[in-house]
Amino acid sequence: MSRVAGVLTVRFGDSRRFWRLRRRLLSWRLGVLSSVFRVRHAATETTTSATALRALLQNTAISLGLACLLVVALALLQGPADELASDLSFGALDSSAYDSLLETVAAATGVFLALYFTAVSAIAASIYVSVPHDIRSLIVGDRLGNLYVRLVAFAMALCVLLLVIHAAAGTTYRLAPPVVGLLAVFSIFAFIRLGRHAFYLADPTHLAETIAERFESQAARARHGSWRWDVPEVQAHFRRIAGASLATLSSLLRIATEQEHLRGQSARALFLKTNLLLARYLAGRHRIPTKSRWFGERYEHPQWFLADSTSLLNAANLAGTLTPTTVPDVFWVENEIVPGLIEAITSAVAEDLQSGSPGTGLETLGALSTSWGQFGANWSAEEALRLTRELSDQVLDALCSGSGERRGSIGPALGDALGLVPIALELGFHRTLEPMPIDELDRRLIAADWSASESPYLMRLPRAVIAALEDLGAGVRFERAAAATDETRTPPWYVREVAFFHYEREMQAQITALLNFHASWFTEAADRLSEAGRLEAAAAVLTRGLESAWKLERHLPHWRAALEALKARGERVDFHRPEWDWDAWSAQVEEMGAEIQLALTRSIPGLAELERSDEIPDYLGQAVHLSAEACIETLRAGDVERFKPLFAASFHGALLVTERVREAVQDQRPEQAVTWMTQPVLDVVDLSGYALIYSELHQNPALWEACREIWDRYLDGADGVERLQMIAAWIAFENRRLGFSPRGMVRQAWERGLSQALAKLPRGAPRGGRFFAPGRVEHPSSLIRHIAPNDDMIGMLHGEATEVFVALYLAKLNAAAEFDFGLRDGLAEELQEAFTGEEEAGDGGGARADGEAGDEPGTEGDDDEGDTGEQRGTEQ
């Protein structure tokens, strides 16, 4: 067309008439195109309006239909209603009153709608203007508000419809006034409830319930047996809806963290709801099929030297990488919820530290034990430990930061709550093993109908076991559909073997992960806190670590019993089950407890420098007490290397604790004050006696030398004489007082432990013709032979540890002759005689209190002297 126009222009371009004609043609063309555009635009607008009208009609069709049905019902019930009104002597309906009632109700409901939308608009304009779109959509989808709007609009529409019928046909319905009146009364009272609810809309965190309900409804649809649980496309759709809910929840967590007016009660409620949502999901996750599209998919890239030849050749020929495999993204929900929750909790922890008082951070951190216990119950220790590491790193960073006060109860409380998280995980796993004995699991595996698709999900089993049972169930259903013979069908015992194989592997993986994490995490966390000056928080973590070691020590036998019960069923198929080393695990737990105890012991000097506060647990006293208990354990084991630092810490810690006790009891009566004040040092005195006795028992002088070196330094010089005098007075006071001392039961337990050890020593043949009388204890040390009980049962020792220490060390010091230790007459000489008799007997290797040989020849090796020694012990 343009080409023809060009030719005509060249041919007739010098003619005026050509240009006039061309202008008219162009004007006519423009007019035609304008008309076409207006028609098309009108058609488009009409189509758009029709679409909007159709959508509007679809949204209102149900309400309009219900209103029409209600009118039809009123018309059908008109006759019975008139008869009832006549029986009740009601008069005829007043037409004007009828119209006035309907008009009033219609106007009132319109006012209610206007007020509600005004309030919502104001809230949306002020609160929701700066939040993400997914948060703004929550207020639009508010169920309570939407339900109220629909009911009020229905009442208004019903009144208008009744007015139209009355105006058009002059018909009034007897039941219309009570029905409309009930709707009006309901609208009034519901508006009060809705008005309160509108104020809650100013806090977006209150919409978390809507998010939780939406997510849990989708998660429930993903479980076996729900609607379309086996259709991948439907499950993927449910996952998308749930993912949108979790994204909205993450936005809420971020808003509650960033906006200052939402911190406090609102944030606390949101965090707790999120934690409970995670716990409830984990409690039912085992019922979701392992291959469900609910989990989605993620890529796993194989290692080159673990790939098959075909994959290697394809990758090499194409000069590319190995093709990744797709696996279910099992932890997608946890990875959506937990990072945001951790970030929110860390921010709340920082707020608590800044304020110096427990608040949202402490409460929500402590509440994590609920969801972490569910992690353990779902055999998800490895994933939970990864999240625990992430949580602890952020919380420890907040605790170790320079902001906030160094003193106060919030630091130890946060350390205690953080230390509880890995313990809750281990307890969740342990409790899963406890309620399901292996014999019960065996019975249910044998009795289950594996042709039924729900069988793998009836028990809370590891995911690998469920996956194996799903495959076996599919095979059993195929065998049944193919009418396979009994000889070729999968026997129940094979199902049990496969299940037990995967059960054992998962059990080993869970235990290994838990032990490796617990063995290092508590000391690492405490070291970080100690370096930052958070000594009490570090002590709280270490205290939880000792609790964890105590639990693991007692849980290991239960787990081993479960494994032995599983192996007792026999193995018909060689699946190359894993090898177990329970002794190594027991040693790992024992070493874990020893390292944590040593770390707590090393914290004693730092804790002693802090001022005592009743708001904070007495970590110093606890550390000193536990170090003394650990000293006894190391003495029983003869472990010199561990005993040295433990006793040194116990010695100095007892002196420090004594000063604290002195300040605490200064207002009490002198007798009571002295009784309490002397206990820490008396513990050390008793420990020193046990160090001397156990060094003789184990024939290891290094135990006593480690103890003696500290006492020598403490009692050296002029100050040493005064200290010795004070200790002598305290020992004498304790020996002469009546009744049990406050820590007497603790020291009696130490004595019972020694009695048990001595009772296990070999004894000689009965003497003196007494057939039932026990023989003499056989041991190289004359001291051990002397203090051992008279029989091989757990009897009384001939001399307490304190008496041994006083007689063999304190009483032999140069300045000791001036002091009274409160020993009975002759006891010190008796113990010294028993102790110094062994070198003359040629025993050697025993401990020496003064480093020199005995002055008197020992004849205790003779039987007669042995009898005499036992007689003296009996008299004592």
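Residues numbered from 1 in each chain as written. Predicted model: local features only at pLDDT ≥ 70, side-chain atom pairs only at ≥ 80, totals over all residues. Heavy atoms only, no water.

### As for the overall build of the chain
Helix and strand content of the chain: 31 helices and two strands. When contacts within the chain are restricted to residue pairs at least 6 apart in sequence, long-range pairs at least 24 apart make up 76% of them. (Helix = DSSP H or I, 4+ residues; strand = E, 2+ residues; numbered from the N terminus. Contact = heavy atoms within 4.5 Å.)

### Regarding the confidence of the model for the chain
Across the chain, pLDDT averages 83, with 84% of residues at or above 70. Helix α31 (residues 863-875) is the least confidently modelled element of the chain, averaging 37 in pLDDT, while helix α20 (residues 582-602) averages 95, the highest of any element. Under a pLDDT of 50 for its full length, residues 838-876 has, in the predicted model, 67 contacts with residues more than four places off or in other chains. (pLDDT = per-residue confidence, 0-100.)

### Some remarks on the side chain of T634
Within the secondary structure layout, T634 lies in helix α22 (residues 619-637). Looking at T634, the relative accessible area reads 1%, which means it is buried. A polar side-chain atom of T634 sits 2.7 Å from the main-chain carbonyl oxygen of C631. Setting aside residues no more than four positions away along its own chain, T634 makes contact with D639, R642, F643 and L646. (Buried < 20%, exposed > 50% of the residue type's maximum accessible area, 1.4 Å probe, protein only. Polar contact = N/O pair within 3.5 Å; in protein donor to acceptor, adjacent residues only side chain to side chain.)

### Describing the pattern of salt bridges
As enumerated under the stated definition, the model contains 27 salt bridges in all. Of the charged contacts in the structure, one is a salt bridge between K273 and E209, with a shortest N-O distance of 3.7 Å. Placement of the pair is K273 in helix α10 (residues 265-284) and E209 in helix α8 (residues 208-222), with a sequence separation of 64 residues. By relative accessible area, which is 39% here, E209 ends up partly exposed. Taking the shortest distance from any N to any O, the salt bridge between E633 and R636 comes out at 3.2 Å. Residue E633 and its partner R636 are located together in helix α22, separated by three residues, close to a single helical turn. On the basis of relative accessibility, which here comes to 46%, the residue E633 falls in the partly exposed class. (Salt bridge = Lys/Arg side-chain N within 4 Å of Asp/Glu carboxyl O.)

### Some details on helix α16 (residues 438-447)
Within the sequence span of α16, burial applies to I438, L441, D442 and L445. Here the buried residues of α16 occupy an arc of 100 degrees about the axis, which is enough to place them on one side. Residues of α16 that are buried sit in contact with α17 (463-481), α18 (492-531) and α19 (535-567). (Arc of directions from axis to C-beta.)

### Looking at the packing of helix α23 (residues 640-664) against helix α24 (residues 670-697)
Where α23 meets α24, the closest approach of the two axes is 7 Å, and the angle between their N-to-C directions is 160 degrees. The orientation of α23 relative to α24 falls into the category roughly antiparallel. Handedness of the α23/α24 crossing: left-handed. Contact residues: F643, F647, S650, F651, A654, L655, V657, T658, V661 and R662 in α23; W676, M677, P680, V681, V684, L687, S688 and A691 in α24. Residues that form the contact of α23 with α24 fall into these classes: 14 nonpolar, three polar and one charged. (Axes fitted to C-alpha atoms, helices over the stretch in contact; angles between N-to-C directions. Parallel < 35°, antiparallel > 145°, perpendicular 65-115°, else oblique. Left-handed = near helix turned anticlockwise from the far one by under 90°. Nonpolar A, V, L, I, M, F, W, Y, C, P; charged D, E, K, R; others polar.)

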